[in-house]
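For reference, the chains in residue letters:
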Amino acid sequence: MTPTALHQPPPPKPYRIRCCTVGGCLSAHGLAIKTQLEAAVTAAGLEDQVAVVGVGCLGLCSQGPLVQIDPSGDLYGHVTPAHAAPLVAPLAATLRLRSGSAPSPSSSSSPLRLRSGSASSSSSPLRLRSGTVPPPSPPLPRSPTLPFFTRQHRIVLENSGQIDPERIEDYIAARGYEALHRCLRDLEPAAVIDTITRSGLRGRGGAGYPTGLKWATVAKMPSGQKYVVCNADEGDPGAYMDRSVLESDPHRVLEGMAIAAYAVGASQGYIYVRGEYPLANRHLQTALGQAKRYGVLGSQIFDSPFDFRVDLRIGAGAFVCGEETALIASIEGKRGLPRPRPPYPAESGLWGCPTLINNVETFANIAPIIRNGADWFAAIGTEHSRGTKVFSLTGHVQNAGLIEVPMGITLREIVEVMGQGTPDGTPIKAVQTGGPSGGCIPAAALDTPVDYESLKDLGSIMGSGGMIVMDEHTSMVEVAQFFMEFCMEESCGKCIPCRAGTVQLYQLLGKFKDHRATPRDLAQLEALCDMVQHTSLCGLGQAAPNPVLSTLRYFRNEYLAAIAAPG
Amino acid sequence: MKRHQYRPDALIEVLHQAQELYGYLEPELLLPIARRLRLPPSQVYGVATFYHFFSLEPQGLHTGVVCMGTACYVQGAAQLLRTLEQATHLRAGETSRDRQFSLSTARCLGACGVAPVVVFDQQLEGRQTPETVRDRLHTCLSAPPAP
């Protein structure tokens, strides 16, 4: 009685045009492009041969809106609705050539094909070969062999851009809910936790707490009401991995949550999504409805005694709610104020019950680990940081977008090889990771491998996955002040070091920015950073000085220059 | 509207709905919400003011939101904001006296791949420059108000 048996998929069509209809591409008329492509396919009479589907994020967001055509895998950037006909025309020509014989998906005669693998494909005129291109200049084919794609290792994002996020059938066809089925049928909860522990998965929300250990703690609590919470309050500015996962593959997160609930003995789950992400919210609503109808959520899942319900909670714009105790308060309908830990939410969380809180990306890793085994996952990455990490590579970088890379890859490889450096060739000055709680890593340290410990040693953190490249023209003092302003405004005001300290730090940084600082200001800045770091109640305050400290460490000359200059 | 079984913990959901229906949260609206959910008015007011998403004042007919996320910031979002502030004689968070336009900033809209971004009347515009936002502001103001 697997859900796959319920739906017989229609015979596959030889060509599939996938349009990104989420995120930045959607705002650049992604839906209109899809509609136009459908119209063009109908006009060419190819409905039986070419499928047009809306999919999630294709990754290379800076080139959006993106369209990818199967089976060739050619990727087109900067597509407009007017490009629909020229994109379909070569497919029609190929199909006409082969009319009579059944078109084979492994055809290599597509005129669009471009597998040069060179980074210079952006200006390739190859696409013009078909000769049927009307006035609007055609989108440029992007080879799927760009290092931006080939250096990735996709686990969390394996379905992103491949399946229609609004169809549970697509997810199931991609082996979705198989892991949950296996857990319920073959595995004891303890065995599930053991698998996650052995996989070495660590929390992807930023701090990197071992996931298996967290699950075991909640599981050990006396049975009774327990909760599983998915933290989708992705507050770090410059990071949008969770948004993309939720928009592109929402069922993966639900499946991870259901497995977690089975393992720890919870029957109710909450997903706390940022209010700024209306589409993620909508896709989750759709996914929840479908999952309930298919019986993979709700009562007696897969005819087992296991029940699990999930409710959505929409955030209302407060960065501090990403902190787990504040998030709990917010789910309870209160002001999102953190409280001291312990007790940790694993012991006393939502309404005083044991609560497991994991990040979106953590949950997204669960199903593949169960499917492929702990050893498979543990073989990826480094000794203490297993698996992969999704980053949103943004800022002054040519190929901006979402990437998933194995842990241990160097920053240089990400920024210079995959991102291909800055758009205008200006040297890179720093890479910022970890959002307002992280730090700026100088260009000199780009050969550092990406793992939890190495980034911490550099004075930054892994964080949730924002990676912002800054070129030489960026003022580090201004960046530090930018983050401090953020923390100042987002401070909930409960504890004084954070509430008052961030204001003082902001004003001090303002003096540096305006070249009004004195040597005493520098000493005070450092003392204050230390104080706020060590006396704040929650992670927001404790980490607020990080951007200042890391820029002081690597770009102290900019602060000194601000003192030296007469003002 | 309040089909959350009048549960006090659904306060944030109820406020979301109320704001969607009325555009903003009038104090006169908060009182009945407090009564129906059996919560002290102080707590409802406290929650409504804590979260940035809720507005206690009416918004303009048209809105402009400048994303101030890090990716947008390093690509010149501050300049875009300054341009709009000068063009409208408003500061971020203000609404013009004739209620035509509200200017505000956002933390991060998750569209970092096309940074810097500005949202005019719910339509997100990527890769903006001071020139394009000025043009876009004019088309936005001359368009009929969004429903």
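Residues numbered from 1 in each chain as written. Chains lettered and ligands numbered in written order. Predicted model: local features only at pLDDT ≥ 70, side-chain atom pairs only at ≥ 80, totals over all residues.

1. Notes on the overall build of chain A
Put simply, the test is: Strands are runs of DSSP state E lasting at least 2 residues, helices are runs of H or I lasting at least 4, and numbering of each runs from the N terminus. Exposed residues have 12 or fewer other C-beta atoms within 10 Å of their own C-beta, buried residues have 20 or more, and partly exposed residues fall in between, where C-beta atoms are placed from the backbone.
The helix and strand tally for chain A stands at 22 helices and 14 strands. Buried residues in chain A amount to 56% of all 567 residues.

2. Quick word on the overall build of chain B
The criterion, for reference: Two residues qualify as being in contact provided that their C-beta atoms, derived from the backbone, are within 7 Å of each other.
A tally of helices and strands in chain B yields six helices and four strands. Along chain B, helices (α) and strands (β) appear in the sequence α-α-α-β-α-α-β-β-β-α when read from the amino end. The principal-axis extents of the C-alpha atoms in chain B amount to approximately 50 × 30 × 25 Å. With 147 residues in all, chain B has 39% of them scored as buried. For chain B, the proportion of contacts with a sequence separation of at least 24, taken over those separated by at least 6, is 59%.

3. Some details on helix 10 (residues 250-264) of chain A
Because an α-helix packs 3.6 residues into every turn, residues spaced three or four apart end up facing the same way. The line we're drawing: A helix is expected to span 1.5 Å for every residue after the first.
With 15 residues, helix 10 of chain A should reach 21 Å at 1.5 Å per residue; the first-to-last C-alpha distance of 22 Å fits that figure. In terms of burial, helix 10 of chain A is largely enclosed, as 15 of its 15 residues are buried.

4. Observations regarding the interface of chain B and chain A
If you look at the interface, chain B gives 31 residues, while chain A gives 38 residues. Broken down by secondary-structure element, the contributors of at least two residues to the side of chain B that touches chain A are helix 1 (11-22), helix 3 (41-50) and helix 4 (70-74) of chain B.

5. Structural notes on the sheet that holds strand 14 (residues 466-471) of chain A
Strands in a sheet are paired, the pairing made by backbone hydrogen bonds, and the direction either parallel or antiparallel. Residue and element names in this part refer to chain A. For clarity, the cut-off: Strands were regarded as paired on the criterion that DSSP finds at least two bridges between them. Angles run from 0 to 180 degrees between N-to-C directions of axes, and those axes are lines fitted to C-alpha atoms, restricted for helices to the stretch in contact.
With mixed pairing, five strands are arranged side by side in an open sheet as 11-10-14-12-13. Both edges of this open sheet fall to strand 11 (401-406) and strand 13 (439-442), since each of them pairs with a single strand only. Averaged over all pairs of adjacent strands, the angle between their axes in this sheet comes to 30 degrees, without regard to strand direction. Across six bridges, the pairing between strand 10 (residues 388-395) and strand 11 is antiparallel. Its bridge partner being in strand 11, Leu393 is matched across the sheet by Gly401.

6. Brief notes about the sheet that holds strand 6 (residues 227-232) of chain A
Residue and element names in this part refer to chain A. The four strands are arranged 8-7-6-9 in an open sheet whose pairing can be described as parallel. What marks the edges here is a single partner per strand, and that holds for strand 8 (309-314) and strand 9 (355-359). Across the sheet, the mean angle separating the axes of adjacent strands is 20 degrees when strand polarity is ignored. Examined bridge by bridge, strand 6 and strand 9 share five bridges and lie parallel to one another.

7. Quick notes on the pairing of strand 9 of chain A
Burial within strand 9 of chain A is extensive, with five of its five residues counted as buried. Across the two faces of strand 9 of chain A the burial is the same, with A:Thr355, A:Ile357 and A:Asn359 and A:Leu356 and A:Asn358 all buried.

8. Quick word on the packing of helix 7 (residues 189-199) of chain A against helix 8 (residues 211-220) of chain A
Each packed pair of helices is defined by two parameters, the angle between the axes and the distance between the axes. Residue and element names in this part refer to chain A. Rules: Angles are sorted into four bins: roughly parallel if under 35 degrees, roughly antiparallel if over 145, roughly perpendicular if 65 to 115, and oblique for all others. Left-handed describes a crossing whose near helix is turned anticlockwise from the far helix through less than a right angle; right-handed describes the clockwise counterpart. When residues are sorted by character, Ala, Val, Leu, Ile, Met, Phe, Trp, Tyr, Cys and Pro go into the nonpolar class, Asp, Glu, Lys and Arg into the charged class, and all the rest, Gly among them, into the polar class.
Their axes nearest at 7 Å, the elements helix 7 and helix 8 cross at an angle of 155 degrees. Taken together, the axis directions place helix 7 and helix 8 in an arrangement best described as roughly antiparallel. Note on packing geometry: the crossing formed by helix 7 with helix 8 is left-handed. Along its contact with helix 7, which presents Pro189, Ile193, Ile196 and Thr197, the element helix 8 presents Thr211, Gly212, Leu213, Trp215, Ala216 and Ala219. Here the contact of helix 7 with helix 8 is composed, by residue class, of seven nonpolar, three polar and no charged.

9. Details of the environment of A:Val405
Residues and elements named next belong to chain A. Its location among the elements puts Val405 in strand 11. Separated by 12 residues in sequence, Val405 and Leu393 place their C-alpha atoms 11 Å apart. Discounting chain neighbours no more than four positions away, the residues touching Val405 are Arg151, Gln152, His153, Thr388, Lys389, Phe391 and Ile414.

10. Regarding the domain arrangement of chain A
Residue and element names in this part refer to chain A. Worth spelling out the cut-off: What marks off one domain from the next here is an automatic or database domain assignment.
On domain assignment, one finds that chain A holds domain 1 (11-101 + 112-145), domain 2 (168-378), domain 3 (388-471) and domain 4 (476-564). The interface is formed by six residues belonging to domain 1 together with six residues belonging to domain 3. When its residues are assigned to classes, the side of domain 1 that touches domain 3 shows four nonpolar, two polar and no charged.

11. Remarks on the domain arrangement of chain B
Split by domain assignment, chain B resolves into domain 1 (8-50) and domain 2 (62-142). Put simply, the middle of domain 1 of chain B and the middle of domain 2 of chain B, counted by C-alpha atoms, are 29 Å apart.

12. Observations regarding the nonpolar core
Cut-off, in case you're wondering: In these notes, a nonpolar core means any group of buried Ala, Val, Leu, Ile, Met, Phe, Trp, Tyr and Cys residues linked to one another through C-beta atoms within 7 Å.
Within the largest apolar cluster, 215 residues are counted, with the highest numbers of intra-cluster contacts made by A:Ile259, A:Ala260 and B:Cys67. Those residues within four positions of A:Ala260 in sequence are excluded, and the remaining contacts are A:Trp215, A:Val228, A:Leu356, A:Asn358, A:Phe363 and A:Ile366.

13. Considerations on the packing of helix 8 of chain A against helix 10 of chain A
All names here are of chain A. Orientation of helix 8 relative to helix 10, taken along the N-to-C sense of each, is 45 degrees, at an axis distance of 8 Å. Viewed along their axes, helix 8 and helix 10 adopt a mutual orientation that is oblique. Between helix 8 and helix 10, the residues in contact are Trp215, Val218 and Ala219 and Ala260, Ala263 and Val264, respectively. Here the contact of helix 8 with helix 10 is composed, by residue class, of six nonpolar, no polar and no charged.

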